[in-house]
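# Report on the structure
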Amino acid sequence: MTAAKTSSRKRGRFVLLLSVLGPGLIAASAGNDSGGISTYSVAGADFGYATLWMIFVMTFSLVVVQETAARMGAVTGKGFAALIRERFGVRLTLFAMLALLASNAATSVAEFAGIAASTELFGISKYISVPVVALVVWLLVIRGSYRNVEKIFLALSAVFISYIFAAVLAKPDWATVAKATVVPQFIGSRDFVMLVIATVGTTIAPWMQFFVQSNIVDKGVTVKDLVIRRIDVVFGAITANVIAWFIIVTTATVLHPAGIRVTDAAQAATALVPAAGAYAQTLFAVGLFSASVLAATVLPLTAAYAICEAFGWEAGLDRSWSEAPMFNSIYTFVIVFGALVIMLPNLNLIAIMVFSQAVNGVLLPFLLIFMIRIVNDRRIMGRYTNGRIYNALSWGTILVVIGLTVALVVMTALGWG
Amino acid sequence: MIYLSQMLGKPVVDATGTEIGTISDVAIATGEIFPRVTSLAFQGPDKTPFMLSWRKYVDDFDAEQVQLNVAGPDLRFSYLQPDEVLLHRDLLNQQIVDTQGMKVVRVNDLKLSESRNQLRLLGAEVGIRGILRGVHPALERVAARLFGKSLRENLIAWNYMDLLDRDLSHVQLSVTHKRLHELHPADVADIMEQLSATQRAKVFDHLENSQAADAISELEDEFQADVIDDLGNQRASDILELMDPDDAADIIGDLPYDKAETLLRLMGVGEARAIRSLLGYKEKTAGGIMTPEVTTVAEEMTVAQVIEHLRHEAAEHESIYYIYVIEGDRHLAGVISLRDLIMSAPETPVADILSRDVIKVLADEDQEDVAETMSKYDLLALPVVDETGRLLGIVTVDDALEVMEEESAEDLELATGRRAGAGMRGVWQWVSRDGWLPVWAVLFLVAAGLESMLVDTDMTGLIIVAAFPALIVMRLAEDFASHAMARVIEDEDEDGRPSLARRLVTDGLSGLAIGAVVGLLAAAVMGVLLGAVSDKAVVRSLEGGAIIGGAFGISILLVAIAATLAGELAERRSRAGKRVSSTTMSVGLMIVGAVSFIGLYNISFRFLARFLLFDL
């Protein structure tokens, strides 16, 4: 990200304000990627309003986690991966980086599933769209020109705002919705537990923390400028979760009573019919495609930068294959892996998207443990360590997700639910 | 040899043989070329940290334990001294500057050597071996056996290391502290470019203003403004003042208006005026690259007076090899060289040795023409004048060299299509450069789709998927082409080059190697993919993988050989004075690659289908 770094300083105030709404908003919007959209759609369609409270609680967790990442970047001037390495040594770093790579590879699969699903809505075979998009994404990344394109996709993925209209037009019982948002419900089925884990994993995807922190470091943000970055991450987190909330409300109101289970993108798109009528599919496809491509360009770079930073390997978009072999191999691997898996015939794309988010959810607590240990280390953070509420929320997230994962494993082993 | 990673966690045993704790760290005294270990830090019961003097108490040590010479209760503990560095806390896992390799690396392990009873730090291991050893020593041994010599240690000697994060360690490194300062400013600049903004700022804190000014001048343009912007206003303006006005003006021109004004106001009046006058000229013209610091004298002076004048007035000027003679309103009248000046008797009037035929350029002249003029007349500096002949400044030889380097890089880019250096040039650049790949992709897919419609099979998807890897072959073919093209442009000596036959063999071998690796990878991937598709998984995946892998391997080999031949042909044409088109070459090679890959692929699939009862 250093190489493609353009100084925003030359531009006017207004653009400055826009660029303030930077990494936090991009990370959170890219978080509402194909994995997010499908997880929320399935959650609403299968379990009605039962997962709405998760979104409410997750908003606080997301804000806390993102703010922590931004603060660590500003205070130390180092990326998350560098801090893990310096605080925990090689062995644990290897573990953390494998977790990040696995999570990114899984998410990359979901992005290409999103690309395949959205282009299939337009009648284009995935055997054509996935390789072409994979190639384009790879070239965008290697040429560093993805920054120009990033904004276009960010703008296009804003079509998901239409879920807000769809939710209102679907006329849900707002009282029930409000109650479901604040009163936790739990359904003792394996599907439900996995969906809850996936919801956590897609809302607070591990790569987002690496992305936000390295952006802060690249921009040379110091503690004094931290206020404006906090606005960015809080704004981004809330926007993303408000949209997620409306997606669940919409699908729960439109699809759940009709007994429609989301098994492909066309069914997921029908939730938008109240707002867009005949254009529901087109709207959904455009949004899904943009969000997927946006995330698919950001993901591989995040993994490559973080891993190279942790192990001290040369990194940078301006480095050739022979100068930075690991850097180039990692991002190529993430893209190629995601595309190749989706090229297999007869896949249930929606199920893959949800499953990949569950992988994220399972891996998340481990990275959060690293984060919370580092941010509470006075030698590293000085007086900018976490307060009690922050720690409680972070540990709460960690323990709940670990608990859910254990529950899921036990339920699967014993054949419950 | 002992590695720090092996020592950590090993027991510390006192004279009575009781284990009193485990090693947690060792400290070295800085200031020696290979510093001694001076203190041992260990963890006693209940994780209590202790520190004691190595020289006084350590009796014997090896990779398994440290043996002390007194019993536990008789130990007297000490504290970390100001000149001591803890190896684990301050060095292991940290980023350091490799001042010899000129790059930023991470310390994966530290290597110590034992001599009699002393332990000395040799250096930092920054290679893959250190990482493997850190994960588990057994992993390193296995890897070393597998890869043998190719898995070498990558050791940076202590005297070539410089800590980035001095604030964290709170130590003064007397030997190493000098290192960054001793480097040539251009090397310091190279290192700076690899650091994050915060780290750059830290390194700058440790440089003196004059060194900082030199280093900033050597930074790539894209970093200069950022670095200045990150420094405090007062320091930034002090540093800019020390730089040559032309370099300073370049940087200030890239800063936002407010910041630029603030910095200019903080400077001395003279420096600010010089920079402001330069800001008016366009980039890439004589005015844009000149410096206003010129040594000027009047015609009436004598040689002795001129030399005296030089001593007083021109001490800080970039170039004093030519002294310009002006009359009236800075009108350029002539030039004297330093040589003439020194060779002449002190009382000679300037008018006698003056050369009135001055080679000069106008301020809006293109910088490339300026550089050409300088090289044509072998000048060390070239005066820049306005339309009325007033002397505005001079372009010095170092700026001209930079221009030539820029322009030749641009020429090479034009010829090979390769980009030199960093930076993004937008979507258009990409479209013109790599936009053909998606086009080819679509063409292939259409062709494959047509074929699968005509030849009725149930493996349509597979055929389309497999048509795609042809693009990889084509991308490689293009790289081979630009490689060959670069050779033509660099035009090495006829004598120094190996013969065509020899190059065919070596290039063929490297092509074979690349082909084998790509082929094996493709075979593995296709094997897995096919295995997932089919019921008769094993048979199909092995055969399918072998076909794809073989097609890859052979076609890459063919491309490599074709590239060598095409390169030879191009070189002959270029020596004969004819133009060589790089587009023709790369398109030609790409076609060779694509045709051979798709051909091989199709033929072998059909062969299998017909003769080996392999139903598609």
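Here the residue index of a chain counts from 1 through its sequence in written order. Chain labels run from A onward and ligand labels from 1 onward, assigned in the order the entries are written. Local features in a predicted model are, by the rule used here, given only for residues with pLDDT of at least 70; side-chain atom pairs are given and counted only at 80 or more, and totals for whole chains, interfaces and linings are based on all residues. The side-chain figures draw on all heavy atoms in the structure; neither hydrogens nor water molecules are used.

## Some thoughts on the environment of A:Ser41
All names here are of chain A. The helix and strand labels rest on DSSP assignments: H or I over at least four residues marks a helix, E over at least two residues marks a strand, and numbering proceeds from the N terminus. Assignment of secondary structure puts Ser 41 in helix α3 (residues 34-47). Taking the C-alpha atoms as reference points, Ser 41 and Ile 248, 207 residues apart in sequence, are found 6.0 Å from one another. Contacts are residue-level and defined by heavy atoms, with any inter-residue pair within 4.5 Å sufficient. Among all residues touching Ser 41, those that are not within four sequence positions of it are Tyr 163, Ile 247, Thr 251, Val 262 and Ala 268.

## Quick notes on the sheet that holds strand β16 (residues 322-327) of chain B
Residues and elements named next belong to chain B. The rule for pairing is simple: two strands pair if DSSP sees at least two bridges between them. Taken in spatial order, the three strands line up as β15-β16-β17 in an open sheet, and their pairing is mixed. The strands lining the two open edges of the sheet, one partner per strand, are β15 (296-298) and β17 (331-337). Strand-to-strand twist in this sheet, taken as the mean axis angle between neighbours without regard to direction, amounts to 40°. Pairing of β16 with β17 involves six bridges; the strand directions are antiparallel. In the strand pairing of β17, Tyr 322 is matched with Ser 337. The axes are straight lines fitted to the C-alpha atoms, using for helices just the contacting stretch, and the angles between their N-to-C directions are given from 0 to 180°.

## Regarding the nonpolar core
Residues grouped as a nonpolar core are buried Ala, Val, Leu, Ile, Met, Phe, Trp, Tyr and Cys residues, joined through side-chain atoms within 4.5 Å. The classification of residues rests on relative accessible area computed with a 1.4 Å probe and restricted to protein chains. Under 20% of the type maximum is buried, over 50% is exposed, and intermediate values are partly exposed. Counting residues in hydrophobic clusters, the biggest one holds 168 residues, and the most contacted among them are A:Ile84, A:Met97, A:Phe112, A:Phe210, A:Phe284, A:Phe327 and A:Ile342. The element that contributes the greatest number of residues to this core is helix α15 (residues 280-311) of chain A, accounting for 19 residues. Residues within four places of A:Phe327 in sequence aside, it is in contact with A:Leu301, A:Ala304, A:Tyr305, A:Cys308, A:Glu314, A:Ala315, A:Gly316 and A:Leu317. In this structure, B:Leu195, B:Ala248, B:Ala381 and B:Leu392 belong to the second largest nonpolar core, which totals 62 residues.

## Focus: helix α19 (residues 388-414) of chain A
Residues and elements named next belong to chain A. For α19, spanning 27 residues, the distance from its first C-alpha to its last is 38 Å, which sits close to the expected 39 Å at 1.5 Å a residue. Within the sequence span of α19, burial applies to Asn 391, Ser 394, Thr 397, Ile 398, Val 401, Leu 404, Thr 405, Leu 408 and Met 411. In this fold, the buried residues of α19 make contact with α4 (52-76), α10 (190-203) and α17 (349-375). Expected helix span is computed as 1.5 Å times (number of residues minus one).

## Description of unusual backbone geometry
All names here are of chain A. Here Lys 171, not a glycine, exhibits a phi torsion of approximately 50°, which is positive. Assignment of secondary structure puts Lys 171 in the loop between α8 (162-169) and α9 (174-182). Judged by its relative accessible area of 68%, Lys 171 is exposed.

Any link to function would need more than the numbers given here.
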